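A look at the structure
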Amino acid sequence: MNKRLQNQSKEISRIYLGTESAIDAAKPTASYAIQMVEKVLEADFGERCFKNCDVVDMTFACIGAVDALHNSLDFVRVNPDKKAVVIASDYAKYELAASGEYTQGGGASCFTYFFKT
């Protein structure tokens, strides 16, 4: 995510994260991702370069990332001068020998969306 955003940070207005796993009940998980990227970009773009971005978690089973994608695609369609970042992230951890053990794991992906005329 860091390298791709370096030349686009001023155009990004929305960063949405779709997941079914929250790490903090009071703060969007996306805000943790933003803080990590901002640290990398700080030297080139200044402190808190994404402070004016709309940052939201869409937490709802597997559909959270799909909702984040659809919402962001609509956003860039009606705001062609803006870009949106969608992060899909999830982890699942179960006890050994639990019924869900075979499904456990984790993963993440990140996409930047923009409207091209």
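Residue indices follow the written sequence of each chain, beginning from 1 at its first position. Only residues with pLDDT of 70 or above have their local features reported here, since the model is predicted, and side-chain atom pairs are shown and tallied only from 80 upward, although totals for entire chains, interfaces and linings are computed over all residues. Side-chain metrics rest on all non-hydrogen atoms present in the structure, leaving aside hydrogens and water.

**Let's talk about a nonpolar patch on the surface**
Rules: Like charges are joined within 9 Å and nonpolar side chains (Val, Leu, Ile, Met, Phe, Trp, Tyr) within 5 Å, but only among residues with over 30% relative accessible area and no salt bridge; these make up the patches. Methods summary: accessible areas were calculated by the Shrake-Rupley approach with a probe of 1.4 Å, and residue burial reflects only the protein chains presented. Any Lys or Arg side-chain nitrogen located within 4 Å of an Asp or Glu carboxyl oxygen qualifies as a salt bridge. Going along the chain from the N terminus, every DSSP run of H or I of four or more residues is numbered as a helix, and every run of E of two or more is numbered as a strand.
A cluster of nonpolar side chains, contributed by Phe60, Ile63 and Val66, occupies part of the molecular surface with about 260 Å² of accessible area. Mapped onto the fold, phenylalanine 60 is located in the loop between strand E2 (54-59) and helix H3 (63-78).

**Some details on the packing of aromatic side chains**
Test applied: Side-chain rings of Phe, Tyr and Trp, where Trp is taken by its six-membered ring, are said to pair if the distance between their centres is within 6.5 Å; with planes under 30 degrees apart they count as stacked, over 60 as edge-to-face, and otherwise as tilted. We call a charge positioned over a ring when the NZ of a Lys or the CZ of an Arg lies within 6 Å of the ring centre and within 35 degrees of the ring normal.
Taken as a whole, this structure holds 0 aromatic pairs when the rule is applied. Lying over the aromatic face of tyrosine 32, lysine 27 brings its terminal NZ or CZ to 4.7 Å of the ring centre.

**Comments concerning H3**
Selection criterion: By this rule, a helix spans an expected 1.5 Å times one less than how many residues it contains. A simple rule labels every residue: compare its accessible area, found with a 1.4 Å probe on the protein chains alone, to the largest value its type can have, and call it buried under 20%, exposed over 50%, or partly exposed in between. Read the arc as the range of directions from the helix axis to the C-beta atoms. In this description, contact between two residues means that some pair of their heavy atoms is separated by no more than 4.5 Å.
In this model, H3 (16 residues) spans 23 Å end to end at C-alpha, consistent with the 22 Å of a helix rising 1.5 Å per residue. Among the residues of H3, those classed as buried are Gly64, Ala68, Ser72, Phe75 and Val76. What you see down the axis of H3 is that its buried residues fit within an arc of 90°, all on one side. Looking at the buried side of H3, the elements it contacts are strand E1 (12-19), E2, strand E3 (83-92) and strand E4 (105-114).

**Concerning the pairing of E3**
Convention followed: Only strands joined by at least two bridges in the DSSP assignment are considered to pair.
As judged from the 6 bridges shared by E1 and E3, these two strands associate in the parallel manner. Among the inter-strand pairings, glycine 18 is bridged to a residue of E3, identified as alanine 88. Of the strand pairs in this sheet, E3 and E4 are connected by 10 bridges, and their pairing is antiparallel. By the bridge assignment for E4, valine 86 is matched with phenylalanine 111.

**Overview of the side chain of threonine 19**
What counts, and what does not: Polar contacts here mean pairs of N or O atoms no more than 3.5 Å apart (in protein, one a potential hydrogen donor and the other a potential acceptor; neighbouring residues in sequence count only if both atoms are side-chain atoms).
You can see threonine 19 is positioned in strand E1. In this structure the side chain of threonine 19 is engaged in a polar contact, spanning 2.5 Å, whose partner is the backbone oxygen of serine 89.

**Focus: the pairing of E2**
Which entries qualify depends on this criterion: Seen with its strands pointing away from the viewer, a crossover is right-handed when the path leading from the first strand over the helix to the second is clockwise.
Summarising the sheet, E1 and E2 pair through 6 bridges and their orientation is parallel. Residue arginine 14 lies in a different strand from E2, and its bridge partner there is aspartate 54. Following the backbone out of E1, through helix H2 (residues 29-45) and into the adjacent parallel E2, one traces a crossover that is right-handed.

**Brief notes about H2**
Using the following cut-off: Note on bend: the value at a residue is the angle between axes fitted to the seven residues ending there and to the seven starting there.
An ideal rise of 1.5 Å per residue puts 24 Å on 17 residues; H2 measures up with 23 Å between its terminal C-alpha atoms. Residue lysine 39 marks the point of greatest curvature in H2, where the axis turns by about 40°. Of the positions making up H2, those classed as buried are Thr29, Ala30, Ser31, Ala33, Ile34, Val37, Glu38 and Leu41. Two residues or fewer after H2 comes glycine 46, characterised by a positive phi angle close to 90°.

**Describing the confidence of the model for the protein**
We count it as follows: Per-residue confidence from the predictor is given as pLDDT, running between 0 and 100.
Residues at a pLDDT of 70 or more form 91% of the protein, whose mean pLDDT is 83. The weakest mean pLDDT in the protein belongs to helix H1 (residues 2-5) at 57; the strongest belongs to H3 at 92.

**A short note on the side chain of threonine 29**
Tracing the sequence through the fold places threonine 29 in helix H2. The exposure class assigned to threonine 29 is buried, which follows from its relative accessible area of 12%. Contacts of threonine 29, omitting those with residues within four sequence positions, involve Leu17, Ser21, Ala22, Ile23 and Asp57.

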